[in-house]
Every structure is written in structure tokens, then in C-alpha cells.
2 protein chains.
Amino acid sequence: MAIMNTQLGTWLLLDHALTHNFDVEIVTQYSVTERHRYTYADMTKRSFQLMNALDDLELAKGSRVGTLAWNNYRHLECYFAVPCTELILHTLNARLSPEDLAFIINDADDEVIFTEPELLDSLEKIAQLIPSVKLVIVMGDDSVLPETSALNVKSYESLIRSQPSTYRYREIEENTPAGLCYTSGTTGQPKGAMYTHRSTYLHAMACGSAAGMSIGPSDAVLPVVPMFHANAWGMVYAAVSVGAKLVFAYPHLHPESFVKLLQEEEVTVTGGVPTVWIQIADELHRTKTKLPHLREIVSGGSQPPKPLIARYRDEFGISIVQAWGMTETSPLASTARPKHHLRHLPKDQLLDEVLSQGGIPLPGVRVALRDDQGDEVPFDGSSMGNLYVKGAWVVDSYFKGRSPESFKNDGYFATGDVAIGNGRGYFIIADRTKDLVKSGGEWISSVAMEGAIMGMEQVAEAAVVAMADEKWQERPVACIVLKPDANVTLEEVRDHLRSHGFQKWQLPDRLEIISAVPRTSVGKFDKKALRSQISN
Amino acid sequence: MAIMNTQLGTWLLLDHALTHNFDVEIVTQYSVTERHRYTYADMTKRSFQLMNALDDLELAKGSRVGTLAWNNYRHLECYFAVPCTELILHTLNARLSPEDLAFIINDADDEVIFTEPELLDSLEKIAQLIPSVKLVIVMGDDSVLPETSALNVKSYESLIRSQPSTYRYREIEENTPAGLCYTSGTTGQPKGAMYTHRSTYLHAMACGSAAGMSIGPSDAVLPVVPMFHANAWGMVYAAVSVGAKLVFAYPHLHPESFVKLLQEEEVTVTGGVPTVWIQIADELHRTKTKLPHLREIVSGGSQPPKPLIARYRDEFGISIVQAWGMTETSPLASTARPKHHLRHLPKDQLLDEVLSQGGIPLPGVRVALRDDQGDEVPFDGSSMGNLYVKGAWVVDSYFKGRSPESFKNDGYFATGDVAIGNGRGYFIIADRTKDLVKSGGEWISSVAMEGAIMGMEQVAEAAVVAMADEKWQERPVACIVLKPDANVTLEEVRDHLRSHGFQKWQLPDRLEIISAVPRTSVGKFDKKALRSQISN
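Predicted model only: the values in this text are computed from it and were never measured. (Residues numbered from 1 in each chain as written. Chains lettered and ligands numbered in written order. Predicted model: local features only at pLDDT ≥ 70, side-chain atom pairs only at ≥ 80, totals over all residues. Heavy atoms only, no water.)

Focus on the relation of the copies chain B and chain A
Each copy of the sequence occupies a distinct position, and chain B is placed on chain A by a rotation of 180° and an axial shift of 0.0 Å, giving an RMSD of 0.0 Å. This pairing of chains is accounted for by a two-fold axis. Using C-alpha coordinates, one finds that chain B approaches the rotation axis most closely at B:Ser209, a distance of 1.8 Å. (Least-squares fit on C-alpha atoms with pLDDT ≥ 70 in both.)

Overview of the sheet that holds strand 16 (residues 360–361) of chain A
Residues and elements named next belong to chain A. On the basis of which strands lie adjacent, the open sheet formed by 9 strands has the order 2-1-11-10-12-13-14-15-16 and mixed pairing. In this open sheet, the two strands that pair with only one neighbour each are strand 2 (35–39) and strand 16. Bridge analysis of strand 1 (residues 25–29) against strand 11 (residues 245–249) gives 4 bridges, and the strand direction is parallel. Residue isoleucine 26 lies in a different strand from strand 11, and its bridge partner there is leucine 246. (Pairing = 2+ DSSP bridges. Helix = DSSP H or I, 4+ residues; strand = E, 2+ residues; numbered from the N terminus.)

As for the nonpolar core
Core analysis: the largest hydrophobic core is formed by 246 residues, its most contacted members being A:Phe114 and B:Phe114. Not counting the four nearest positions on each side in its chain, B:Phe114 is found in contact with B:Leu50, B:Leu54, B:Val65, B:Gly66, B:Thr67, B:Leu68, B:Cys78, B:Ile137, B:Met139, B:Tyr156 and B:Leu159. The next biggest cluster of nonpolar side chains, apart from the first, holds 34 residues, and it includes B:Val27, B:Leu253, B:Leu261 and B:Ile280. (Core = buried A, V, L, I, M, F, W, Y, C linked by side-chain atoms within 4.5 Å. Buried < 20%, exposed > 50% of the residue type's maximum accessible area, 1.4 Å probe, protein only. Contact = heavy atoms within 4.5 Å.)

As for the interface of chain B and chain A
At the interface, 76 residues of chain B touch 76 residues of chain A. For the chain B and chain A pair, buried surface summed over both sides reaches about 5,700 Å², with 58% attributable to carbon and sulfur atoms. Counting the contacts that link chain B with chain A gives 8 salt bridges. As a salt-bridge pair, A:Glu266 and B:Arg343 come within 3.1 Å of each other at their nearest N and O atoms. Scanning the region where chain B abuts chain A turns up 40 residue pairs in polar contact (both at pLDDT 80 or more). Listing elements by their share of the side of chain B that touches chain A, those giving two or more residues are strand 9 (192–196), helix 7 (197–208), helix 8 (235–242), strand 16 (360–361), strand 17 (365–370) and strand 18 (384–391) of chain B. No other element matches the 7 residues that helix 7 of chain B contributes to the side of chain B that touches chain A. (Buried area = accessible area lost by both parts, 1.4 Å probe. Salt bridge = Lys/Arg side-chain N within 4 Å of Asp/Glu carboxyl O. Polar contact = N/O pair within 3.5 Å; in protein donor to acceptor, adjacent residues only side chain to side chain.)

Comments concerning empty space enclosed by the protein
The final tally for this structure, using the stated rule, is 9 cavities of 30 Å³ or more. In this model, the largest cavity occupies a volume close to 110 Å³. Forming the walls of the largest cavity are A:Asn21, A:Pro217, A:Ser241, A:Val242, B:Ala211, B:Thr335, B:Arg337, B:Ile360, B:Pro361, B:Leu362, B:Pro363 and B:Tyr426. Every element with two or more residues in the lining of the largest cavity is listed here: helix 8 (235–242) of chain A together with strand 16 of chain B. Residue classes in the lining of the largest cavity are distributed as 8 nonpolar, 3 polar and 1 charged. For the second largest cavity, the calculated volume is near 90 Å³. What lines the second largest cavity is A:Ala211, A:Thr335, A:Arg337, A:Ile360, A:Pro361, A:Leu362, A:Pro363, A:Tyr426, B:Asn21, B:Pro217, B:Ser241 and B:Val242. At the level of elements, strand 16 of chain A together with helix 8 of chain B are the ones that each hand at least two residues to the lining of the second largest cavity. (1 Å grid on protein atoms, 1.4 Å probe; cavity = no way out; pocket = protein on both sides within 12 Å on 5 of 7 lines; lining within 4 Å. Points joined across faces, edges and corners; volume = space filled by probe spheres on them. Nonpolar A, V, L, I, M, F, W, Y, C, P; charged D, E, K, R; others polar.)

Side note on the environment of A:Met43
All names here are of chain A. In this structure, methionine 43 sits in helix 2 (residues 40–57). Judged by relative accessible area, methionine 43 falls into the buried class, the value being 0%. With 487 residues separating them along the chain, methionine 43 and leucine 530 place their C-alpha atoms 44 Å apart. Setting aside its immediate chain neighbours within four residues, methionine 43 contacts Leu14, Ala17, Ile26, Tyr38, Leu76, Glu77 and Val240.

Comments concerning helix 10 (residues 274–287) of chain A
Residue and element names in this part refer to chain A. Over its 14 residues, helix 10 extends 20 Å from the first C-alpha to the last, a length consistent with the 20 Å expected when each residue adds 1.5 Å. The complete set of buried residues in helix 10 reads Pro274, Trp277, Ile280, Ala281, Glu283 and Leu284. Summarising the contacts, the buried residues of helix 10 are in contact with helix 9 (255–264), strand 12 (269–272), strand 13 (296–299) and helix 11 (306–316). One or two residues past the end of helix 10 sits lysine 288, with phi positive at roughly 50°. (Expected span 1.5 Å × (residues − 1).)

Some thoughts on the side chain of A:Asp110
Residue and element names in this part refer to chain A. Within the secondary structure, aspartate 110 sits in the loop between helix 4 (98–108) and strand 5 (112–115). Buried and without a salt bridge, aspartate 110 has arginine 64 as its closest oppositely charged side chain, separated by 5.4 Å. Ignoring sequence-local partners within four residues, the contact set of aspartate 110 consists of Arg64, Gly66, His90, Leu92, Ile105, Ser132 and Val133. (Lys, Arg positive; Asp, Glu negative; His and termini not counted.)

Observations concerning the pairing of strand 8 (residues 177–182) of chain B
Residue and element names in this part refer to chain B. For strand 8, the buried fraction is high: 5 of the 6 residues fall into the buried class. Where strand 4 (residues 88–91) lies against strand 8, 3 bridges are found, and the strand directions are parallel. Each bridged residue has a counterpart across the sheet, and for threonine 91 the counterpart in strand 8 is cysteine 181. Inspection of the sheet shows strand 8 paired to strand 9 by 5 bridges, in the antiparallel sense. Looking at the pairing, glycine 179 lines up with tyrosine 195 of strand 9.

Some thoughts on the domain arrangement of chain A
A common way to state how big an interface is: give the accessible area lost once the parts meet. Residue and element names in this part refer to chain A. If you check the domain split of chain A, you get domain 1 (10–24 + 39–196) and domain 2 (436–536). Here the C-alpha centroids of domain 1 and domain 2 sit 41 Å apart. Contact residues are listed per partner, giving 5 residues for domain 1 and 4 residues for domain 2. Buried area between domain 1 and domain 2, summed over both chains or domains, comes out near 380 Å², and the portion from carbon and sulfur atoms is 51%. (Domains from an automatic or database assignment.)

Observations regarding the packing of helix 9 of chain A against helix 10 of chain A
All names here are of chain A. Taken N-terminus to C-terminus, the directions of helix 9 and helix 10 make an angle of 80°; their axes are 9 Å apart at the nearest point. Judged by the inter-axis angle, helix 9 sits roughly perpendicular to helix 10. Contact with helix 9, carried on its side by Pro255, Glu256, Phe258 and Val259, involves Trp277, Gln279, Ile280, Glu283, Leu284 and Arg286 of helix 10 and no other residues of that element. Of the residues assigned to the contact of helix 9 with helix 10, the class counts are 6 nonpolar, 1 polar and 3 charged. (Axes fitted to C-alpha atoms, helices over the stretch in contact; angles between N-to-C directions. Parallel < 35°, antiparallel > 145°, perpendicular 65-115°, else oblique.)

Side note on the sheet that holds strand 17 of chain B
The strands making up a sheet associate through backbone hydrogen bonding, with each pair oriented either parallel or antiparallel. Residues and elements named next belong to chain B. An order of 17-18-19-20 is seen for the 4 strands of this open sheet, with the pairing classed as antiparallel. The sheet is open, and its two borders are formed by strand 17 and strand 20 (427–432), each paired with just one other strand. Direction aside, the axes of adjacent strands within the sheet are offset by 45° on average. Pairing of strand 19 (residues 413–421) with strand 20, which is carried by 5 bridges, proceeds in the antiparallel orientation. Opposite alanine 419, over in strand 20, you have isoleucine 429 as the bridge partner.

Written out as C-alpha cells, the structure is:
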């Protein structure tokens, strides 16, 4: 050996919390009036207490420990204590239906689950369906426990209170599993993606890199993306590894108090799905709030509409950076940052050719576009191809050895997305394969059309779905949520699209005004539900 | 396995150069009038040609290929082609004496050496002493070859010209050696530090992180630090991995044309030793040049004087970020960046407590302070301790299995530096152990005293060395290089130090005015030479 044998993993990410970054703050906003604050030193000591408590439970190595929890400091302690004791952190989506929750808990064989007082009810309802769960830890002190329960419940604070606040650094082989996260399951059953200690470290480094989310010691990071959603895109592990301040917002927070939180905690980087930023933009506009510290908003999960990126740029002076990834890719795989020589492009061209793209992969991840025959598709700005991905933090199968066809492509994972590469080296997701509109042998990207329609003044949100057509096989239907007191006609939509470069044969010949776009548990457009809704 | 098996290494760093970053520029300034430009696509294709040429040489896997070269695009091609063909890139310091050069080439058993036309002479002089070298490649076309040579010489362009410009991605086991760099040898014989593919990738990611040098796609990076000096601190590999523009400056460039280069190429990040920035500051001042694109100067190798950091901050609006590391640590181990809550400190306090510190280690590296008995020394702002380091890109021995005592400390490397930790979690190098002044049983840090003396208006440079003293064992001597037409007395120096917090017993009682501080081949103060100079 020439280099010291170092096992990559969560211990390495936590390594400087107590020794160098002890004085950095972690803030959790629980409600408009309640903001919990403590330091990295407190966090580390309490994580050590939790590690000692977990050791006392004597679970077998590699046992799954679930969290059904919001973004807050106790959940953060679980993020470290569980993998650092060689258990597997299984983050459960708090917005799942009871049936899906039971399915996933059983599939993962969770033995312990950490949950919030207000989410305990979801577990009580399925108590009989999840026999593997021996213990449920409720985030709070004994006062949050119910009088009776169908589960074996204990409070978080009573679990850790009498434990020592020191713990010996443990060397864990880097390919040991560390975290488990289920796909949202828009196609078939949810499937578990297992992250290792090594992939968790590598992903955190990529996330903190200037090509990723650029998270350093001078940042205050507010992940709006839930900690149950693919590890909050890696923002949490990246922040702790470099000693960035962390700010957590409990869900159901009003735009007003969310903006106040951004402002008062001097947040520099935040990240979440596009819909959040639409609401926040209106609030910033209404209150004329300035956020001079906010350097960057990372937007992921689905494509942010161009007008939204332009609005933040022009009205608030804030960059929206699009990131792309999937549960299977840890998730951060690419970001759309301008190359040095593209910084001076006219601003709308920059928006079109760079900022609205899916991006360029991070070093360590590779993407490829291929046609249905498996042949390489060129990055020429118009050819669509199936998107494949591989890399150092991409899973090679699903939990329990499930390895469907999507993993059998010379080491690549078939994402199920269709993408286009542009002449500047960036790629953009055109659609989920199943959402592409196949009209007369040609393909129409619903994502591009939605983006264009959302640029209309009258439109709050838009989704485009394919409906069967006898002559053309499929035709696009525009489903629109109007702004208050606004109205729009099919002809106006068609005119708008024509003026934005769409061909006549691509234009929708049906318009549906809807009250809301149905969404999946992770906030993506649920097109299956939408198609069934408008076909009734 | 849960995660795809991916071997970390130089192939992964080069992976997007052709597919995504083909249009990014690489610029080499050879002289005031000659600036070579080409793209990442050109670089990759020529690197592939060089890989094919290296394969044709049929060297055994792991053979050492030396480069005795300045910073330029051909050297960059070697940076990838050599390790990507499973050979070891051995960067030779172009400022070494012929004796040291011969020693190192022999110790490494270099079989091929790439060199510049103007450096060929150094090799000709030792041709009889380096029998392992079968071939010397001169950077240029056939016109740069000498008429006669004691070596087997060939021109770079003729070597690659007829080779195909494609090459198949090669999977290399990540613990395979990739690069070899010798320590500068201020203590004893130079020793080889061997980097692996894995450590090279991990170090590049750390270098590109916002906690490191924050190198992303929007940057233009100019490494002033030579590519023969610990891989240009990782700046080159980090830049290529994310598609940053690269700008190389040939040495002996006048401050005037160097500043022009920074300005015209819109450089955003640069890095080099403090002395460079002293010269450049005077040039910026003289010409009233603004560098609005230059976000950050990384300063390493030795501590930048505080007045220099303050001058860049106040006069030019540019941040100097101090980085610390050694050849044995790849080299980047820590940076001194303000934590979020320290950004608002009064500027001089920020300078004292953060910016002038050695920093906080990167995630993946750990430091420890210990006394001579091996007991932990606290980070209390005054206790000095021996600095130990370990981590994922720190070597565990020297080339050829040499493993001196410095590697035998529970997995830590003893740096030979003495450091102090401050109450905010940052550490600072107080001295090389052997440069500490031991007076009456107490320690005096020469580095801190030099920094303070360099704050005097009359002083261009200052070095403090210990001289033997009968009564006190050792006493500090202040050696000062004056600014033109300036003068200074011992009493003025003592008064200045007293007003900057030094104790009476620490003050030097001897002053030497010298014309220049002698330097080692990597530009550090050569205190051994200085001590012998002033004792004569």
C-alpha cells in the first residue's frame, strides 16, 4: 500500500463535528413561534448517546432501523447514529398511504422505527401488519407518548437520557450497507435502493463540490426536500462534513414564516421541488423581501419552468440551479451550471441552453443516450434517446437482490427517462418513457410542452398527457390549472406553443381546465391519475 | 453489492472531457507574445494519441515515467496519459540541482522522461548517471531536438503524430499507483510519496469541494504552483474533472504579463506560494488593474503574512484563502475558510482568528496535536503540539517500502510541524519542529514572529532562526530583507513585536540585514542555509 487504509463512510462525515466545528449551529423551526437551536457539539454528543442506546438494543449488524419523520435535529441524530453503529437507516416517506407504508416496512423488515408524535397514528393503524417492528421511538420526551398504544412505544429522550455522551470511532468496512430508500413507485411496487458507507461518503463529497451544490463551511443550508426523500439529496451529510450551519423547517410551514426563516438564519443554499419555489416567489413579491444571503436555490425532482428561473433571476437576483437524479443514483447525478465561457451568453439564451437543462454529470457518474436498439444517440439538440446512467453512487440492483432488466445494460441502469443532449454538452430530460406522446410515429415531449404552457400569464400549472387516438395512435391533451380569475382557450394555448417553436402536428387539440394536478407522494405530477381523471 | 462497482481514478476524472466538456478551453501562455489555445476535445484526443504511443513502448505496468516540465498543455496530456495506461507519473522538480535530480531519477528508476527543450540540458549533464532512462521525449516538434545528444531523444509531436486519437476506457483497480512525487528534502534525502488512482480521485473531489478550493464548471483556474510540485496541489485534476477552463503560465513570466493573463482570460481561481502574491500586489497597485473575475487566491506552501491578506482584501477586494498540506498529504489537507457565523466578525479579528490559520481539515483527513509523550494537546489558543495527520489521501510510507518512525503513530503521520489549535476549531502551524526556538525551556514560534515583522513598513521579507546561546540554549535572530531605501533598527523591531503581543523574553536580541532569504527548490525559506550564512 502507498496510501493509508481509510474506510469511507458516515464516520468520516461526522469526524470534525466535535473537534473543529463544535460551535456551528443547527436550527429547527417547529412552528411560527418555536425554533430549536443547538450546536454541532450538542448534536454529536446526543448522537453518541443514541449510538450507545442502539448498541444496548442488541440488534444484529445490518438490521433495518426506520425513520418516519420530518426534517429536524433528532432525525439528524438518527442519520449518523444508525449507520455509525452498523445498522441500516431506512427513511420512510411520511406521505405514503398506510398500505404502501406497511408494504415497505415489511419488505425492509424494519425492527425499530423512529417517528414524530403526529405521525405515530399512521403506524398505529397498521400495527397488526408490521410484526417485524419491535420498538417505536417517538421523537420527544415522555409527554409525547400516547396513553395506550398497539405498538411497543418509547420516547426518544428517555431512550438516550442515561446514556454516556462519548463513543469510540468505529472502523466500518466501506462497502457495508448504510442507508435504504424506496423508490416512489409510480411504476409498480416500490423497490429499495441500498446505499453503502462508501457511496454515502462519495455522494456527500460530490454534493459539496462546486460542480454539485457547492456546500462549504461558510454556508447555511436549508434542505426543503424531506430527509425521507433520498437522504435530502445529500445536503445534510454534505453540510455536516464541512461544518455548514443547518436549518430545518418543519413541513406545513406558511410561505410567510418560511421566508422569515431564510432571512433570519441568513440561509445561503436551499433545495427543493419547483412547486415550493413558485409559492415562495409570490411571497417574496408580496412582501418585497430581499434575501441578500441566499446565493442559490437547488431545484430538483422535476423540471422547474423557465419563467420561474427567469423570475428569480430578474426579480430577486437569486440563481436557481437545476439538479437531476433518482433514488437509484443517491440521488445527485448532474447539475446544470454554466461553463466559464457560457457565463456571458445573453440571459435568455443562457436560460434555454444551460439553466433549464438537466445538466452535466458529476465526476464519478456517467450518462449515455441510446436508441431502442441500444445504439448511441448523438448530443445534437434534437435526437431523443433512452437515458442510461452508471457511477460510484448508483445502485446495481434493488434490495433483496432484485435485479430487473433495467440493470442489465453493460453496467448501466436504464432510468426510464427519455432525454436529449444539446450541442453544448448538456442533457435534458424530455419525459418519462411512458409519458412521451407517440403521435403518428413521432414523439412529443410532454415536459417541454408543459414548460412552455407554464410561461403563459393565465396559467398556474400545466400537465400534458397522452390520450389514445384512432388515427394518430396518441394525441397530447393540455391540462391547465388557471390563476385566480384567469381564463384561457385552446386556441390561445396553440398560438402560444406555435410562437415557442412547436410544430403544428405537435399542438394539443384538447384542453382540460382542472383544479389541481394530482401528485405522487414525493410531489411529482401523477400522470397515471391525471389520465384516468380526464378520461372519466 | 448494492452499489455499482466503480474503480476510482484518473479515468473517472477525464471521463467528461470529450463527451460533455469538449468546448472548454485550455490556454498556455509561453511568453509575452505567444499564447497557445485548444479545447478539452483536442486535449483528450491528443492524450489518447499519447496513450497509444505509451502502449507501443511496451513498458511494464507500474513503470515510472518522469516529467521534468513546466505548466503547459503537453504536461497536462502526460497527467492523464501516463496513469491511464497503468504507468506511474513521476513529476520531477525542475529547480533541483543536477545531483538531486540524478538521485531521484535513480531512486524512482524512471524509464522515460518528458522534458522541455530548455530543460534538456539538465538531463544531458547527468546522462551518464541515469542508466534506467531509455528515452527522453522533448516537448515540441522535431525542430526542438538538439543536433547531438548523450540521451536517446525523440520529439513529443513525432511520438504521437501517427497514433490514433481514440482509446478504450480502461478499468484500473483503484489501489494501483498513479503518481509519484518526491519531498523537497529539507531534512535528509528526498523521499518518494506514491499516490494511487483512488487517492488521486478523492483528492481531486476534495480540492473541487467548497471546503477545498471550490473549483466548478464556471471557473477558470490558473495554477501558479508548478505541476511538478505535488500535482499542482490537485488544481489540475480538479479542474478537468468538472470542466473548468485551465490557464497555464510558463515560469519567468513578468508580473506585468501575468496580471494581463489573469485579466484577459477572466481567471476566477489561482493558487501559489505567498511570495508570488507579494510581487503581484505591487504590480496591481502600480497599474491600478482591477480583476473583477478573480474570486479567490489560494495560498499555500508557507504562511502568507497577514498584511498581505489584508492588502488584497482592502486594496483589491480579493480573498486570499490559506491552504495547508504536504507532499505526503497529496497535498491538500486543510483550508482556512470562515464558518458561517464568523463571516460577520470585525475584519481584523477575522484575519487573526480564521484567515491566517492553517485551517480545518477536509472531510476525509484528520489532524491531531500531541505532546512529546504522545498525549493529546487541547485546542486552547496557546498550547503547542506536534501535528499528526491521517486520511484517505495521506501516504502510509515512502516509495520502496521506506517506513521511518514518522509513520508509526497509531496510523498517523508525524508531520514534523508544531501547531497550535485555537478556540474556534482552527489550527495554525507554529513552526517546523526543528525551526522552533527553544529558549530557557520555553518555545518561540519563528513563523509567528516572521509574520509580525513582515507587518513593518520597512520590511520586504523576514526570517527568524535560532542561534545557540550559552545561557538560554537558543535565542531568536531576526533576519530582514529591507524595502528599497528603507532602514530598521533592532529596537524598532523589538518595539513592534512588543506592541503585537510578544513577551519580553521572546524578543530577538540580534538583527541581521540580509539581501535575500535563501530558498529551497520549492520556494520555502531554507533556514538551514540561513543559519549557516549568518553564523559565518
